[in-house]
Amino acid sequence: MPGKEVPSGKSAAKAQTKPRYDKIKLPETDEGTMVFNLDPLIIKQHYAIDYLHSYAEDSPFFAGLAEGKLRGSECIKCHYRYATPRACCMQCGKKTKWIELPLAGRIHSWTTCYFGSEAFLKETPFNLALIEFDGINTLLLTRLIGPTQEEMRVGMKVRAKFRRNSKFDPTDVYFVPDEPVARREGAV
Amino acid sequence: MRPVYMISGGITKFTKANPRQSFRLMVKESFDYAMHDVPKLRHDMIDGSVVSYFSDHFTRQLMAGIMATDFLGLCPKPNKRVEGGGATGGLCFQAAWEAVASGRMNVCAAYGFETMSHVNTWKGNEFIALASDTNFDYPVGGFYSGYYAMMAVRHMYEFGTTVEQMAMVSVKNHKNALHNTWAQKHLDLTVEDVRKAPMVAYPLTLLDICTMSDGAACCLLASEEVAAKVCARPVKIIGVGCGTDAMRMADRPHGNVILLKHEEPSWYKNLKYPGVHSFRAGRMATKLAYEQAGIEQPLEDLDFVELHDAYTSSEIQTYEDMGLCRYGEGGKFIESGAPALKGKIPVNPSGGLIACGHPVGATGLMQAVFAFWQLQGAVAQHNNGDGAIQIKPKKKSRPLRGAIHSHAGTGTYVTVSIMESTQ
Ligand SMILES: [Zn+2]
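All of the points below concern the structure found in this document.

What counts and how
- Residues numbered from 1 in each chain as written.
- Chains lettered and ligands numbered in written order.
- Predicted model: local features only at pLDDT ≥ 70, side-chain atom pairs only at ≥ 80, totals over all residues.
- Heavy atoms only, no water.
- Donors = N, O, S within 2.8 Å, 3.2 Å for Na, K, Ca; no water.
- Tetrahedral: all angles 85-135°; square planar, octahedral: opposite > 155°, others 65-115°.
- Helix = DSSP H or I, 4+ residues; strand = E, 2+ residues; numbered from the N terminus.
- Buried < 20%, exposed > 50% of the residue type's maximum accessible area, 1.4 Å probe, protein only.
- Pairing = 2+ DSSP bridges.
- Contact = heavy atoms within 4.5 Å.
- Buried area = accessible area lost by both parts, 1.4 Å probe.
- Salt bridge = Lys/Arg side-chain N within 4 Å of Asp/Glu carboxyl O.
- Polar contact = N/O pair within 3.5 Å; in protein donor to acceptor, adjacent residues only side chain to side chain.
- Axes fitted to C-alpha atoms, helices over the stretch in contact; angles between N-to-C directions.
- Parallel < 35°, antiparallel > 145°, perpendicular 65-115°, else oblique.
- Nonpolar A, V, L, I, M, F, W, Y, C, P; charged D, E, K, R; others polar.
- Left-handed = near helix turned anticlockwise from the far one by under 90°.

This paragraph deals with the coordination of the zinc ion. All names here are of chain A. Coordination sphere of the zinc ion, protein contribution only: C75 (SG), C78 (SG), C89 (SG) and C92 (SG), at 2.3 to 2.4 Å. What the four donor atoms of the zinc ion show is an angle range of 98 to 124 degrees at the metal, which sorts the shape as tetrahedral. Read in sequence order, the donor residues for the zinc ion give the motif C-x2-C-x10-C-x2-C. You can see C75 sitting in strand β3 (residues 71-75) and its partner C92 sitting in the loop between β4 (81-82) and β5 (96-100), a full 17 residues away along the chain. Note on C92: relative accessible area 30%, which makes it partly exposed.

Shown next, in the form of structure tokens:
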């Protein structure tokens, strides 16, 4: 047939693939797959991510820990005072301003953890406590260092201490007893 | 709003690990069970669906919901994912209710799943703890059992609740589950067994806490017209309620109790509420559901409750939120035997999360399926002939009635739905 011939995809492929691609191979590696079980086939998949996490409007709290200061929030409208910072008030939804918290308070509640998330397993047993402060409406979650489970109690006077080498996370502040510690009488 | 009925339900047997089925196949199994139970419902009568699963970390598959949906042959009909921590299943159930009540759909399928066995227990704890504030809570030692332990300690301090009372919840629920073939755990325990189990976070031992599970559940909801056509014993959903609270339990207020109809302000003159001892979201969900269902005296007007007992302590806290007893009396309530199978108001006749398992996205739907079978009088039929946990009506003057309660976080999202027999 004269003139331009449009090759059909089929015949063009047939003509070219064989010689050109025949010897192409995916490079083999010696990295294997960890297999736990064959039926059903269970393999190991790794999953890890580094985030560029911004503390954003909460940044002054973490910067404050490095200066040995505990910062909370006070609502500009209803004046509710929060022991853990929040930019907006839970009561009325208005904005808050920064306030400085006292560095001493009392245990509102507590526990001793013997198991945990993978990230904290190596630290067990550890105490968690919710701290109440005079003049502040809400609580602060923290680690309570020192007392054993038998010595922890609701109402114990405690004071804040700060890491010298800040990690810029909420464990930069922790609390210790601010009164003599003895074996607890009651259950909590 | 139109009346909405549950016309069928199905679940997979919850297990510690189910590596032989993907989440899609588990959902399919629960869906097929539900479809099998209502043969007059043709597949093409389903107008759309809602799907629930809690954690993308466990699934490691974003948009997993559509993969369940395309296994059920429900594409290209409407579907969406609903997520709210531990209350994911309860929220999914209510989203399906909304679809039918609004008239958007005549039949809506609600299904949920979780595959928690894909990581080890410690990693699983971490994934769950990521559902707490990751700036202020998680890095301190993020561990939900630790958070609940602190609530339990405060409940003990405020009200004198004892560790033995908490253990009684575990004993009761595990005993009920001895007659539930679907339950993950079948254990005949004593209070001493619970207290001697390894301490996880004081005062909670391993037997005060539910385990992680793989599983799926499915509910089919329909309009009155379709329900009457395809189902011999439809169950009417007579009330739905949902409540919320701040993510951080440290932020919870110390104010006044939200009162239910039968409660007096004088009961709680000196109680700072909710603090960390009570769940304001649970109370709000209860109030809204009771108001819609016309429940004024929960102990008289309900025949059973399936509630979110991820912890024995939270079952005690929830008795109070749901008005089964006064705030502060939850410990005495379990001790009185009232929530036992033959008690005044059986709570968790199925065995609850503690014995049945807690594949998060499926759990709230599992409760609906158990309640549905109860209200159909069909427990034995779905349970290898064992009807020991079948609840009988308290009163002849009204139909058998039950409440289901689904709960997230440290009490951040809670749903309560009231269901009633039509027989
Ligand atoms: Zn305010």
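Still to come is the rest of the account.
A few words now on unusual backbone geometry. That bond from A:D39 to A:P40 is cis: its omega, 0 degrees, falls within 30 degrees of zero. By the element assignment, A:P40 lies in the loop between β1 (35-38) and β2 (41-43). Following B:Y273, the chain continues to B:P274 via a peptide bond in cis, the omega torsion being -5 degrees. Topologically, B:P274 is positioned in strand β10 (residues 273-274). The phi dihedral of A:F168 falls on the positive side, at around 55 degrees, and the residue is not glycine. Structurally, the position occupied by A:F168 is in the loop between β9 (157-162) and β10 (173-177).

Turning our attention to the sheet that holds β5(A). All names here are of chain A. Across the sheet, which stays open at both edges, the three strands sit in the order β4-β3-β5 with antiparallel pairing between neighbours. The sheet is open, and its two borders are formed by β4 and β5, each paired with just one other strand. Across two bridges, the pairing between β3 and β4 is antiparallel. Bridge pairing in β4 links E74 to R81.

With 43 residues of chain B at the interface, the matching set in chain A holds 51 residues. The contact between chain B and chain A buries some 4000 Å² in all, and 64% of this surface belongs to carbon and sulfur atoms. Taken as a group, B:F136, B:V140 and B:Y202 account for 18% of the area that chain B buries against chain A, more than any other trio of residues on that side. Run the count over chain B and chain A and you get three salt bridges. A salt bridge links A:D39 to B:R20; the shortest N-O distance between them is 3.1 Å. Where chain B meets chain A, there are 26 residue pairs in polar contact (both at pLDDT 80 or more). Put simply, the parts of the chain that give the side of chain B that touches chain A at least two residues each are α5 (121-129), α6 (138-141), α7 (144-159) and β5 (199-201) of chain B. At eight residues, α7(B) tops the list of elements feeding residues into the side of chain B that touches chain A.

For the rest of this paragraph, the subject is the packing of helix α8 (residues 163-177) of chain B against helix α13 (residues 312-321) of chain B. Helix-helix packing is described using two parameters, namely the angle between the two axes and the distance between the axes. Residue and element names in this part refer to chain B. Running from N to C, α8 and α13 point in directions that differ by 100 degrees, and their axes come no closer than 8 Å. One finds that α8 runs roughly perpendicular with respect to α13. Along the contact surface, α8 presents Q165, M166, V169, S170, K172 and N173, while α13 presents T312, S313, E315, I316 and Y319. Among the residues forming the contact of α8 with α13, the class breakdown is four nonpolar, five polar and two charged.

Residue and element names in this part refer to chain B. At a closest axis distance of 10 Å, the pairing of α7 and α13 adopts a crossing angle of 55 degrees. Relative to α13, α7 is oriented oblique. The handedness of the crossing between α7 and α13 comes out as left-handed. Between α7 and α13, the contacting residues are Y148, M151, A152, H155 and F159 on the first element and S313, S314, I316, Q317 and E320 on the second. For the contact of α7 with α13, the per-class residue count stands at five nonpolar, four polar and one charged.

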